[in-house]
Amino acid sequence: MGGTPFMALNIAALPPQLPTEIAAEILRGGAEKAKEAGVVIAGGHTIQDKEPKYGLIALGFVQLNQILTKNGLKQGDVLFLSKPIGSGVISSAIKANKAKPEEADQAIEWMKKLNKDAAALALKFSARAATDVTGFSLLGHAWEMAAASKVGIHFDFEKVPLYSGTERLANEWCFAGGAYDNMEFFGRQTAFQDAFPKEKQLILFDPQTSGGLLFGVSAEHATACMQDAQEQNIPLWKVGKVTKSGKIEVV
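For clarity, every value in this text was computed on a predicted model and none was experimentally measured.

Peer 1: Explanation requested: the layout of surface pockets in the structure shown.
Peer 2: Any empty space left between atoms is shown by rolling a water-sized probe over those atoms. Of the voids in this model, the largest pocket is the one considered here, and its volume is about 1,900 Å³. Around the largest pocket, the lining comprises 45 residues; the ones closest to its centre are Lys33, Met111, Lys113, Leu114 and Ser210. Elements represented by at least two residues in the lining of the largest pocket include exactly β1 (4-14), α1 (20-36), β3 (53-61), α2 (87-95), α3 (101-112), α4 (116-124) and β5 (129-132). Taken together, the residues of the lining of the largest pocket sort by class into 23 nonpolar, 13 polar and 9 charged.

Shown next as structure tokens:
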């Protein structure tokens, strides 16, 4: 991470019976986001498939001294997150007709938001490590960072931002299947405070679509990073800190 994209290729797998206008909207949406990111779409590939799938292959440039990997966290670093958690819960609720319209709309707006500004903040304040939060969940991707850096990470659940409706839907056990897979795989590296509710645990194992950036900044830069985010109206939450425990801890 830490690079600037300049070109992308469309990758689409679409059913032959999909209405042309829907396929066109899918491609248009990708083109608009690419333009917002300063990227040129230079072609791509399409195939037929039973379920519609769409994505972009991105190419970019990065200065060698600005490469951000999952390795590099130090004890005492502060962890920031640039988007709320819960898109898997909301997406599952939409499919089950359990999500309120305003909850679905909010989640979709967040998923459409680029991480461009958050990435710039991470570079500006010399982030030691970074990752995007996607299918492996907040705790899964945090464990990847902790393991690579040979440190531990401490999270306070109350400080983790959630999409509107996430806790209500979690109490109805409206989870994507990937949340249970993540819990099974990454749960062995995670220590929850005694009597921590199972549904709240699963929220933190919720697989994300177009999730935010999770990055670590030294304690001496953390306050300035948050102040800068607030001044520029860039969404950012302080969600945890780096420890020497060698595991993920949640209270």
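Peer 1: Is there a simple way to explain the nonpolar core in this structure?
Peer 2: Nonpolar side chains in soluble globular proteins tend to be buried together. Grouped together as the largest cluster of nonpolar side chains are 41 residues, with contacts concentrated most on Leu138, Phe155, Leu214 and Ile248. A total of 6 residues in this core trace back to one element, the largest contributor, which is helix α5 (residues 137-149). Residue contacts for Phe155: discarding those within four places in its chain leaves Leu79, Leu138, Leu139, Ala142, Val239, Gly240, Ile248, Glu249, Val250 and Val251. Core analysis: the second largest hydrophobic core is formed by 18 residues, Leu121, Ala122, Ala127 and Ala229 among them.

Peer 1: Hey, could you run me through the pattern of salt bridges in this one?
Peer 2: Oppositely charged side chains can form a pair if their charged atoms are brought close together. A full pass over the atoms with the stated rule returns 11 salt bridges. One salt bridge connects Lys53 with Asp49, and the closest N-O pair in it is separated by 2.8 Å. By relative accessible area, which is 41% here, Lys53 ends up partly exposed. In this structure, the salt-bridge partner of Lys124 is Asp228, at a minimum N-O distance of 2.4 Å. One end of the pair, Lys124, is in helix α4; the other, Asp228, is in helix α9 (residues 219-231), with 104 residues separating them in the sequence. Owing to a relative accessible area of 53%, Lys124 belongs among the exposed residues under this scheme. Here the salt bridges share partners, and the residues they tie into one network are Glu25, Arg28 and Glu32.

Peer 1: Just checking my understanding: could you explain the side chain of Gln201 for this structure?
Peer 2: Tracing the sequence through the fold places Gln201 in helix α8 (residues 198-204). If near-sequence neighbours (up to four positions away) are discounted, Gln201 is found in contact with Met183, Phe192 and Phe196.

Peer 1: Explain the sheet that holds strand β2 (residues 40-48) here, please?
Peer 2: Strand pairing in a sheet relies on backbone hydrogen bonds. The paired strands run either parallel or antiparallel. With mixed pairing, the 3 strands of this open sheet are ordered in space as β2-β1-β3. Bordering the open sheet on either side are β2 and β3, each of which pairs with just one other strand. Shown here is a sheet whose adjacent strand axes are inclined to one another by a mean of 20°, direction ignored. Here β1 runs beside β3; their pairing, made up of 9 bridges, is antiparallel. The residue bridging Ile11 from the neighbouring strand is Gly55, located in β3. Seen against the sheet, α1 touches β1, β2 and β3 and runs at an angle of roughly 20° to β3.

Peer 1: I'm lost on the packing of aromatic side chains in this one. Help?
Peer 2: Centre-to-centre distance and the angle between the planes together describe a pair of aromatic rings. Evaluated as defined, the whole model comprises 10 aromatic pairs. With a centroid separation of 5.7 Å and 80° between ring planes, the pair formed by Phe157 and Phe196 is classed as edge-to-face. Here Phe196 lies in the loop between β7 (190-192) and α8 and Phe157 lies in the loop between β6 (152-155) and α6 (166-171), a separation of 39 residues in the sequence. Here Phe157 falls in the buried class, since its relative accessible area comes to 3%. When the ring centre of Phe185 is taken as origin, the NZ or CZ atom of Arg188, which lies over that ring, is 5.4 Å away.

Peer 1: So what exactly am I meant to see when it comes to the sheet that holds β6 here?
Peer 2: Within the open sheet, the 7 strands sit side by side as β5-β8-β4-β9-β6-β10-β7. Their pairing is mixed. One side of each edge strand has no neighbouring strand; the edge strands of this open sheet are β5 and β7. Each strand of the sheet is rotated relative to its neighbour by a mean of 20°, with strand direction disregarded. As paired strands, β7 and strand β10 (residues 248-250) are joined by 3 bridges and run parallel to one another. Considered in β10, the bridge of Phe192 is made with Val250. Sitting on the sheet, α9 is in contact with β4 (78-81), β8 (213-217) and β9 (237-243), with an inclination near 30° to β4.

Parameters and conventions
Residues numbered from 1 in each chain as written. Predicted model: local features only at pLDDT ≥ 70, side-chain atom pairs only at ≥ 80, totals over all residues. Heavy atoms only, no water. 1 Å grid on protein atoms, 1.4 Å probe; cavity = no way out; pocket = protein on both sides within 12 Å on 5 of 7 lines; lining within 4 Å. Points joined across faces, edges and corners; volume = space filled by probe spheres on them. Helix = DSSP H or I, 4+ residues; strand = E, 2+ residues; numbered from the N terminus. Nonpolar A, V, L, I, M, F, W, Y, C, P; charged D, E, K, R; others polar. Core = buried A, V, L, I, M, F, W, Y, C linked by side-chain atoms within 4.5 Å. Buried < 20%, exposed > 50% of the residue type's maximum accessible area, 1.4 Å probe, protein only. Contact = heavy atoms within 4.5 Å. Salt bridge = Lys/Arg side-chain N within 4 Å of Asp/Glu carboxyl O. Pairing = 2+ DSSP bridges. Axes fitted to C-alpha atoms, helices over the stretch in contact; angles between N-to-C directions. Phe/Tyr/Trp six-rings, centres within 6.5 Å; stacked < 30°, edge-to-face > 60°. Lys NZ or Arg CZ within 6 Å of the ring centre and 35° of its normal.

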